[in-house]
Amino acid sequence: MIDDLIALAGEAVAHARKLGADAVHAVAADGRSTEISILDGKIEQVEQAEARDISLKAFVGKSSASISGSVLTKDAIHRLAENAVRMAKLATPDPYAGVADPDQLARDIPELDLAANDLPDPHKLEEIARRAEAAGLAVKGVTKSSGAGASRSETSVGIVISNGFAQGYRRTGVGLSMSAIAGEGLGMQRDYDYSSAIHYVDLRDPEIIGRTAGERAVERVNPRKVKSQSVPVIYDRRVASGLIGHLLGAINGAAVARGTSFLKEAMGQQIFSSDITIVEDPHMLRGHGSRPFDGEGLACTRRNLIADGVLTGWILDLRAARQLGLAPTGQGSRGGPSTANVFLPAGAETPEDQIKGITQGLYVTELIGSSINNVTGDYSRGASGFWIENGELTYPVSEITIAGNLKEMFRTIRPASNLEFRSSVSAPNCLVEGLTIAGL
């Protein structure tokens, strides 16, 4: 499969070069997925999808054009190449455009165990979804199911670039989720749990997922409102990764080059406390965001985006690196600079100890909407969770808005010890001091 995709991408590159393109970047991909949804013990929906496509970017001088198609015959690929070259000749020049130099390309391609050969079949997907839903409905206080779902996917890509790069890889994935409803009338609440993995064997047990969803829903029944005030806030690890996501957006080289980041002047400065390190590791075995090389054919390497609280560098693809006069960092993709597996390492405090240290505060389990000013760092999000009183979680709360500024929030973040790798951006519970709560 990979060899076939590389051959298709290679055909596009060769024909575009023959037509006068100075450089060409082609990606051929093959993907297929199955998803089964269960509601009240019955199959609600079955979705299966298959797609094969090729995308091509042709460069003529400093001008470029991108095009894609899903018909992969030789004639169709040639027509795509012809259209790409024709469009590139008409495009406005971009002084920062172009492919990598040959000496920048990845040479040693690591094996990261990103593809499983034992993905669950549709019958197995149905079975585990049913088990998750049944476990959620068995929780005392759960009044109904909001559904359970299980999925599998596999994607293969082949990348060929006119600078000599020709590589590909295959990735698989499985997922399982359950959403439960508890309570009645205006006090009714919903919550969920999920698991995703590269290999089926790493998926969490369906009964645990269903039971956790049910218990969370029951805990949230009959929420209260709280008065507006300034208090410490603990972000549950389900939502704490969003704080790291805001950092990644602010240090994205494209945003920095445009001048639209509140951290655009912060290179080399301390923006977290000195005991905070934030890591990107694209070569984690079976990692959700792992990749053997970036989308531009450059090697990926483990790096500390934040080291001892200091911002060490930007997230760069080739274009952003040239624009900023820096070396690329192996973080390119078809959509611009991007990261692989990023995580905030676990801290020394347990989640329980963090809660015990708070007289009054908020424990956030869900965030709703988003109002983030990327230029100033001003932060405002709707939230729900639990009120902390004298070191204990006391009652559920909802209809709250959390506000602050990300610069100040980053300086006070304290991670707990419960880090789990559930997505490409991961964090443990995080305590943030002095946020403004808007309630009653």
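Remember, it's a predicted structure, so these values are computed and weren't measured experimentally.

**Quick notes on the environment of Ser370**
And then number 1: Within the element layout of this structure, Ser370 appears in strand S12 (residues 360-372).
And then number 2: Other than its neighbours up to four places away in sequence, Ser370 contacts Ser380 and Arg381.

**Side note on the pairing of S12**
And then number 1: Pairing geometry for strand S7 (residues 229-235) and S12, over 3 bridges, is parallel. Bridging from a neighbouring strand, Tyr235 pairs with Val364 of S12.
And then number 2: Summarising the sheet, S12 and strand S13 (residues 378-389) pair through 10 bridges and their orientation is antiparallel. Bridge assignment links Gly361 to a residue of S13, and that residue is Ile388.
And then number 3: The hairpin turn running from S12 into S13, its antiparallel successor, is 5 residues long, and Gly377 in that turn takes a positive phi close to 85 degrees.

**Details of the sheet that holds strand S4 (residues 142-161)**
And then number 1: Across the sheet, which stays open at both edges, the 6 strands sit in the order S3-S2-S1-S4-S5-S6 with antiparallel pairing between neighbours. The sheet is open, and its two borders are formed by strand S3 (63-69) and strand S6 (189-197), each paired with just one other strand. On average, adjacent strands in this sheet sit at an angle of 20 degrees to one another, irrespective of strand direction.
And then number 2: Bridge count for strand S2 (residues 42-60) against S3 is 7 bridges, and the pairing is antiparallel. Opposite Lys57, over in S3, you have Ser66 as the bridge partner.
And then number 3: Set on the sheet, helix H2 (residues 74-90) makes contact with S2 and S3; between it and S3 the angle comes to about 150 degrees.
And then number 4: On the sheet, helix H3 (residues 122-137) packs against strand S1 (23-39), S2, S4 and strand S5 (166-182) and is oriented at approximately 145 degrees with respect to S4.

**With respect to helix H5 (residues 237-250)**
And then number 1: Given a rise of 1.5 Å per residue, 14 residues ought to cover 20 Å, and the 21 Å separating the end C-alpha atoms of H5 matches this to within 8%.
And then number 2: Within H5, 10 of the 14 residues are buried, which leaves it mostly tucked inside the rest of the structure.
And then number 3: Turning to H5, its buried residues number three or more, namely Arg238, Val239, Ala240, Ser241, Leu243, Ile244, His246, Leu247, Leu248 and Ala250.
And then number 4: The N-cap residue of H5 is Asp236: its side-chain oxygen and the backbone nitrogen of Arg238 are 2.9 Å apart.

**Describing the side chain of Ser195**
And then number 1: Looking at the secondary structure, you find Ser195 in strand S6.
And then number 2: Here the side chain of Ser195 touches Arg204 through a polar contact of 3.1 Å, landing on its backbone nitrogen.
And then number 3: Contacts of Ser195, omitting those with residues within four sequence positions, involve Val174, Gly175, Leu176, Leu203, Arg204 and Ile209.

**Some points on the sheet that holds strand S10 (residues 310-311)**
And then number 1: Pairing is mixed in the open sheet, where 5 strands are placed in the order S10-S9-S8-S11-S16. One side of each edge strand has no neighbouring strand; the edge strands of this open sheet are S10 and strand S16 (425-426).
And then number 2: Relative to S10, strand S9 (residues 303-307) is paired through 2 bridges, and the arrangement is antiparallel. Bridge assignment links Ala307 to a residue of S10, and that residue is Val310.

**A look at the layout of surface pockets**
And then number 1: By volume, the largest pocket amounts to about 660 Å³.
And then number 2: Lining the largest pocket are 28 residues, with Arg216, Asp236, Arg237, Arg238 and Tyr363 sitting closest to its centre.
And then number 3: Sorting the residues of the lining of the largest pocket by element identifies S6, helix H4 (206-219), H5, helix H8 (351-356), S12, strand S14 (392-405) and S16 as the ones contributing at least two each.
And then number 4: Residue contributions to the lining of the largest pocket peak at 4 residues, all from H4.
And then number 5: Looking at side-chain class alone, the lining of the largest pocket contains 8 nonpolar, 8 polar and 12 charged residues.
And then number 6: Roughly 560 Å³ of volume is contained in the second largest pocket.
And then number 7: For the second largest pocket, the lining is made up of 31 residues, of which Lys57, Glu296, Asp317, Ser333 and Arg334 are closest to its centre.
And then number 8: Going through the elements one at a time, S1, S2, S3, helix H6 (253-258) and helix H7 (318-324) are the ones with two or more residues in the lining of the second largest pocket.
And then number 9: Ranked by residue count, the leading element in the lining of the second largest pocket is H7, at 5 residues.

**Points about the nonpolar core**
And then number 1: In terms of nonpolar packing, the biggest core is built from 50 residues, with Tyr235 and Ile402 touching the most fellow members.
And then number 2: With 7 residues, H5 is the largest single contributor of residues to this core.
And then number 3: Filtering out sequence-adjacent residues up to four positions away, Tyr235 remains in contact with Ala240, Leu243, Val364, Leu367, Tyr379, Ile402, Met409, Pro428, Asn429, Cys430, Val432 and Leu435.

**Topic: H4**
And then number 1: Between its first and last C-alpha atoms H4 spans 20 Å; for 14 residues at 1.5 Å apiece the expected length is 20 Å, and the two agree.
And then number 2: All of the buried residues in H4 are Pro206, Ile209, Gly210, Thr212, Ala213, Gly214, Arg216 and Ala217.
And then number 3: Close packing links the buried residues of H4 with H3, S4, S5, S6 and H5.
And then number 4: Where H4 begins, one side-chain oxygen reaches toward the backbone nitrogen of Glu207, 3.0 Å away; that side chain belongs to Asp205.

Rules of the game
- Residues numbered from 1 in each chain as written.
- Predicted model: local features only at pLDDT ≥ 70, side-chain atom pairs only at ≥ 80, totals over all residues.
- Heavy atoms only, no water.
- Helix = DSSP H or I, 4+ residues; strand = E, 2+ residues; numbered from the N terminus.
- Contact = heavy atoms within 4.5 Å.
- Pairing = 2+ DSSP bridges.
- Axes fitted to C-alpha atoms, helices over the stretch in contact; angles between N-to-C directions.
- Expected span 1.5 Å × (residues − 1).
- Buried < 20%, exposed > 50% of the residue type's maximum accessible area, 1.4 Å probe, protein only.
- Polar contact = N/O pair within 3.5 Å; in protein donor to acceptor, adjacent residues only side chain to side chain.
- 1 Å grid on protein atoms, 1.4 Å probe; cavity = no way out; pocket = protein on both sides within 12 Å on 5 of 7 lines; lining within 4 Å.
- Points joined across faces, edges and corners; volume = space filled by probe spheres on them.
- Nonpolar A, V, L, I, M, F, W, Y, C, P; charged D, E, K, R; others polar.
- Core = buried A, V, L, I, M, F, W, Y, C linked by side-chain atoms within 4.5 Å.

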